[in-house]
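Each chain, written out:
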Amino acid sequence: MTMAPSRGISLWCARYTLPRCLISCEKVLVPRRSYSSRPEALFSAKSDGGFPLQHTQHSSQTRHFGRSSVLSHRRHFSSFTERLADPANKLQSYISHSNDPYLNLSIEDHILRKSPPDSTILFLYVNRPCLVIGRNQNPWTEVNLAMLSAQTESPGIGAVDLVRRRSGGGTVFHDQGNLNWSITCPRGDFTRDKHAEMVVRALRKQGIDRARVNERHDIVLDQGHKKHDSDLEDTHRTPYTLDEGVPPRPLKVSGSAYKLTRQRALHHATTLLSSPNLRIISQYLRSPAKNSIQAKGVESVSSPISNIGLDVKAFQKRLREEFAHMYADLGQPSIVESVGDDYLAIPDIKKGYEELRTEEWMWSQTPQFDVEIDVKDEVSIHMNVHHGVVKSFDTVDISRESDTHADIRDALLGQTLQSIRDWTMFLHSRVEPWDAQAASIAKRLDELVPIPDFPSSRT
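- Identification of the protein as Putative lipoate-protein ligase A from Dothidotthia symphoricarpi CBS 119687 is taken from an unreviewed UniProt entry.
- As stated in UniProt under Function (unreviewed entry), the record for the protein gives "Catalyzes both the ATP-dependent activation of exogenously supplied lipoate to lipoyl-AMP and the transfer of the activated lipoyl onto the lipoyl domains of lipoate-dependent enzymes."
- In its Sequence similarities (unreviewed entry) section, UniProt records this for the protein: "Belongs to the LplA family."

Describing the overall build of the protein
For step 1, the next point in the chain: If you tally the helices and strands in the protein, you get 14 helices and 16 strands.
For step 2, the next point in the chain: Among the 459 residues that make up the protein, the fraction classed as buried is 50%.
For step 3, the next point in the chain: By sequence separation, contacts in the protein at least 24 residues apart represent 76% of the contacts at least 6 residues apart.
For step 4, the next point in the chain: Per element, the accessible surface of the protein, about 22,200 Å² overall, is 50% carbon and sulfur.

Section: the sheet that holds strand E12 (residues 293-295)
Two orientations exist for strands paired in a sheet by backbone hydrogen bonds: parallel and antiparallel.
For step 1, the next point in the chain: Strand order in the open sheet formed by four strands is E12-E14-E15-E16, with antiparallel pairing between adjacent strands. Looking at which strands have only one partner, the edges of the open sheet turn out to be E12 and strand E16 (389-397). On average, each strand axis in the sheet is inclined to that of its neighbour by 15°, with strand direction left out of account.
For step 2, the next point in the chain: One ladder, built from eight bridges, connects strand E15 (residues 379-386) with E16; its direction is antiparallel. Bridged to Ile381 within E16 is Thr395.

Re the packing of aromatic side chains
For step 1, the next point in the chain: If you walk through the whole model with that rule in mind, you get eleven aromatic pairs.
For step 2, the next point in the chain: Taken together, a centroid distance of 5.1 Å and an interplanar angle of 35° make the contact between Trp140 and Trp363 tilted. Of the two residues, Trp140 sits in helix H4 (residues 139-142) while Trp363 sits in helix H9 (residues 359-364), which places them 223 residues apart along the sequence. The two residues Trp140 and Trp363 agree in class, both being buried.
For step 3, the next point in the chain: Ring centres of Phe323 and Tyr327 lie 5.4 Å apart, and the angle between their planes is 55°; on these two criteria the pair is classed as tilted.
For step 4, the next point in the chain: For Tyr327, a relative accessible area of 9% translates into the label buried.
For step 5, the next point in the chain: By way of ring pairs, the aromatic residues Tyr102, Trp140, Tyr353, Trp363, Phe369 and Phe454 are connected into one cluster.
For step 6, the next point in the chain: Arg192 extends its terminal NZ or CZ atom over the ring of Tyr258, reaching a point 4.3 Å from the ring centre.
For step 7, the next point in the chain: Over the aromatic face of Tyr102 sits the side chain of Arg357, whose NZ or CZ is 5.4 Å from the ring centroid.

Here's the deal with empty space enclosed by the protein
Taking a probe equal in size to a water molecule and rolling it over the atoms shows the remaining empty space.
For step 1, the next point in the chain: Counting across every chain of the model gives three cavities of 30 Å³ or more.
For step 2, the next point in the chain: Its boundaries defined by the atoms lining it, the largest cavity holds a volume of some 80 Å³.
For step 3, the next point in the chain: Along its surface, the largest cavity is lined by Leu105, Glu108, Asp109, Leu112, Arg165, Arg166, Ser167, Lys259, Leu266 and His268.
For step 4, the next point in the chain: Counting residues per element, the ones that place at least two in the lining of the largest cavity are helix H3 (101-114) and strand E11 (264-269).
For step 5, the next point in the chain: By residue class, the composition of the lining of the largest cavity is three nonpolar, two polar and five charged.
For step 6, the next point in the chain: Taken as a whole, the second largest cavity spans an internal volume of roughly 50 Å³.

Some thoughts on the environment of Ala314
For step 1, the next point in the chain: Within the secondary structure, Ala314 sits in helix H7 (residues 312-326).
For step 2, the next point in the chain: C-alpha of Ala314 to C-alpha of Gln206: the two residues are 108 residues apart in sequence and 9.2 Å apart in space.

Description of the nonpolar core
For step 1, the next point in the chain: Membership of the largest hydrophobic core comes to 67 residues, with the highest contact counts inside it found for Tyr94, Trp140, Leu162, Leu412, Leu417 and Trp423.
For step 2, the next point in the chain: Built from parts of two domains, this core gets at least three residues from each of domain 1 (71-361) and domain 2 (369-449).
For step 3, the next point in the chain: In contact with Leu417, other than residues within four places in its own chain, are Trp140, Phe369, Val385, Gly388, Val390, Trp423 and Ile451.
For step 4, the next point in the chain: Trp181, Ala202, Leu273 and Leu310 belong to the second-largest nonpolar core, a separate cluster that totals 33 residues.

Considering the pairing of strand E4 (residues 161-164)
For step 1, the next point in the chain: Where burial is concerned, the two faces of E4 agree: the one with Asp161 and Val163 and the one with Leu162 and Arg164 are both buried.
For step 2, the next point in the chain: In this sheet, E4 lies alongside strand E3 (residues 130-133) in parallel orientation, the contact comprising four bridges. Residue pairing for E4: Leu131 is matched across the bridge by Leu162.

Section: unusual backbone geometry
For step 1, the next point in the chain: Of note, the bond from Pro247 into Pro248 is cis; its omega dihedral lies within 30 degrees of zero at 0°.
For step 2, the next point in the chain: Within the fold, Pro248 resides in the loop between strand E8 (219-221) and strand E9 (251-254).
For step 3, the next point in the chain: Residue Pro433 is reached from Glu432 by a cis peptide bond, and omega for that bond is -5°.
For step 4, the next point in the chain: Within the secondary structure, Pro433 sits in the loop between helix H12 (423-428) and helix H13 (436-448).
For step 5, the next point in the chain: Positive phi is not limited to glycine here, since His387 has a value of about 50°.
For step 6, the next point in the chain: Position of His387 among the secondary structure elements: in the loop between E15 and E16.

Some words on the side chain of Thr171
For step 1, the next point in the chain: Relative to the helices and strands, Thr171 resides in the loop between E4 and strand E5 (172-174).
For step 2, the next point in the chain: Take Thr171: its relative accessible area is 11%, and that puts it in the buried class.
For step 3, the next point in the chain: A polar atom in the side chain of Thr171 sits 2.8 Å from the side chain of Gln137.
For step 4, the next point in the chain: Ignoring any residue separated from it by four or fewer positions in sequence, one finds Thr171 in contact with Val132, Ile133, Gln137, Glu142, Val143, Leu285 and Ser300.

Quick look at the packing of H3 against helix H8 (residues 347-356)
When two helices pack together, their arrangement is given by the angle between their axes and by how far apart the axes lie.
For step 1, the next point in the chain: Two numbers describe how H3 lies on H8: the axes approach to 8 Å, and their chain directions differ by 130°. Relative to H8, H3 is oriented oblique. The hand of the H3/H8 crossing is right-handed. Contact with H3, carried on its side by Tyr102, Leu103, Leu105, Ser106, Ile107, His110 and Lys114, involves Asp348, Ile349, Gly352, Tyr353 and Leu356 of H8 and no other residues of that element.
For step 2, the next point in the chain: Broken down by class, the residue content of the contact of H3 with H8 amounts to seven nonpolar, three polar and two charged.

Cut-offs applied
Counting of residues starts from 1 at the beginning of each chain's written sequence and follows it residue by residue. pLDDT decides what is reported in this predicted model: residues at 70 or higher carry local features, side-chain atom pairs at 80 or more are listed and counted, and totals for whole chains, interfaces and linings draw on all residues regardless. Computation of side-chain values: all heavy atoms of the structure, hydrogens and water removed. UniProt positions are given in the numbering used here, feature names are shortened, and annotations may be inferred rather than shown by experiment. Think of it this way: any DSSP run of H or I at least four residues long counts as a helix, any run of E at least two long counts as a strand, and we number them from the N terminus. Accessibility here uses a 1.4 Å probe with only protein chains present; expressed as a share of the type maximum, an area under 20% marks a residue as buried, one over 50% as exposed, and anything in between as partly exposed. Contacts are residue-level and defined by heavy atoms, with any inter-residue pair within 4.5 Å sufficient. In this description, accessible areas are obtained by the Shrake-Rupley approach with a 1.4 Å probe, and a residue is regarded as covered only by the protein chains that are shown. DSSP-based pairing: two strands are paired if at least 2 bridges between them are found. With axes taken as lines fitted to C-alpha atoms, and helix axes fitted only over the stretch in contact, angles between N-to-C directions fall between 0 and 180 degrees. Only the six-membered ring of Trp is used, alongside the rings of Phe and Tyr, when aromatic pairs are assigned; centres must lie within 6.5 Å, and planes under 30 degrees apart are stacked while those over 60 apart are edge-to-face, with the rest tilted. Note on geometry: a ring has a charge over it if NZ (lysine) or CZ (arginine) is within 6 Å of the ring centre and within 35 degrees of the ring normal. A cavity, in this analysis, means grid points on a 1 Å lattice covering only the protein atoms where a 1.4 Å probe fits yet has no way out; a pocket is instead an open set bounded by protein on both sides within 12 Å along at least five of seven lines, and a residue lines either one if it has an atom within 4 Å of a point. Grid points are joined across faces, edges and corners, and a volume is the space filled by probe spheres set on the points. All residues other than Ala, Val, Leu, Ile, Met, Phe, Trp, Tyr, Cys, Pro, Asp, Glu, Lys and Arg, Gly among them, are scored as polar; the first ten of these are nonpolar and the last four charged. Nonpolar cores are built from buried Ala, Val, Leu, Ile, Met, Phe, Trp, Tyr and Cys residues. Side-chain atoms within 4.5 Å join them into one set. Residue ranges assigned to each domain were obtained from an automatic or database domain assignment. Pairing of N or O atoms within 3.5 Å defines a polar contact, subject to two protein rules: one partner must be a possible hydrogen donor and the other a possible acceptor, and residues neighboring in sequence count only if both atoms are side-chain atoms. Roughly parallel covers angles under 35 degrees, roughly antiparallel covers those over 145, roughly perpendicular covers 65 to 115, and oblique covers all other angles. Each helix crossing is assigned a hand: it is left-handed if the near helix lies turned anticlockwise from the far helix by less than a right angle, otherwise right-handed if that turn is clockwise.

Here it is in structure tokens:
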């Protein structure tokens, strides 16, 4: 069969250029930054839990991808959601090789939204250093935000991310020595203790006989010195449990948070296994503004903490085995899969990822709060902030009434906190004359209500 020369040339051009066009489009879907130290380790032939993984080999040289490879790559991500949502997959297990907290929380939310109502799913991940606050918390009362600026990076840690998750609960610190676990299950099967007890059983099988679930549904290590008789099957008492209020206090090693929907329940928690930053975590969680802010929303409960003293990968394996044992009546997990940075290519995950990285999500989600600060020269400040917007600003000057205060009020009313960023620079450009009292007010606001750079403002 013959064809016109022009048509033959057109078809040749299409065959030549189409794969390159597809490759170019694919590159857009890959995250700008890769936080994995070993990109080639995103997928492996064997999981840490000893289960075979469904995996895809990815070439390190994208320029060698042909059209079929690119389409196969896309189908892999599409099939992940399809397998996740398949009603036949009642029991599933995933482990992330990404240490990006924004991505892991977005994958977790994708699992909650897309999995079948009667399925039960385990998801394990380890994040790079970050502070994760609850959805209804105030970052200025929960975190020492001044420590998050690039100029005050802690030696050996470097930059620490600030993340607002979608679930409730208190503020926690994540790093490479902390294993995060989450269970998504039918809401009717959910209790606050059920899966914490599963983790305690896994810890005891690793020789941690002091581990138990306390009355707040956290996992603690009892510190009693004398061993007593105890039911080894009781996950709420150990041979070292002491009566309430009797020292020494138990040490917290895992804190939980929850998110409930009409049909589903998400329980996720930390597990302090071998954090190298244990001694300085409290510095990040001690806000200098705590006594100057009256906040609505959830306040964290401070507890003494400890490392458990286990290897992260070894405990990942044990926890996956305990999960499979607990749900053995459902059979072996039908899906045991490794996920990673490339899953940012899934549109729903990318949408959630981008939302978590916006300043609107971080600052404007903050419930209403009042700031009351005493400044030198007998001046005190009262400021009301609602969803990140300054609603009122008043000063009380015992010595005199100042026009400067009115100028400051006019400059701040209606402003979002992220538009201010630096109180001194913002006010200095809007208040005249700029006197010593105005400088003192701005300085105190910079000290107690800092607004550090957030990912969306750094890109």
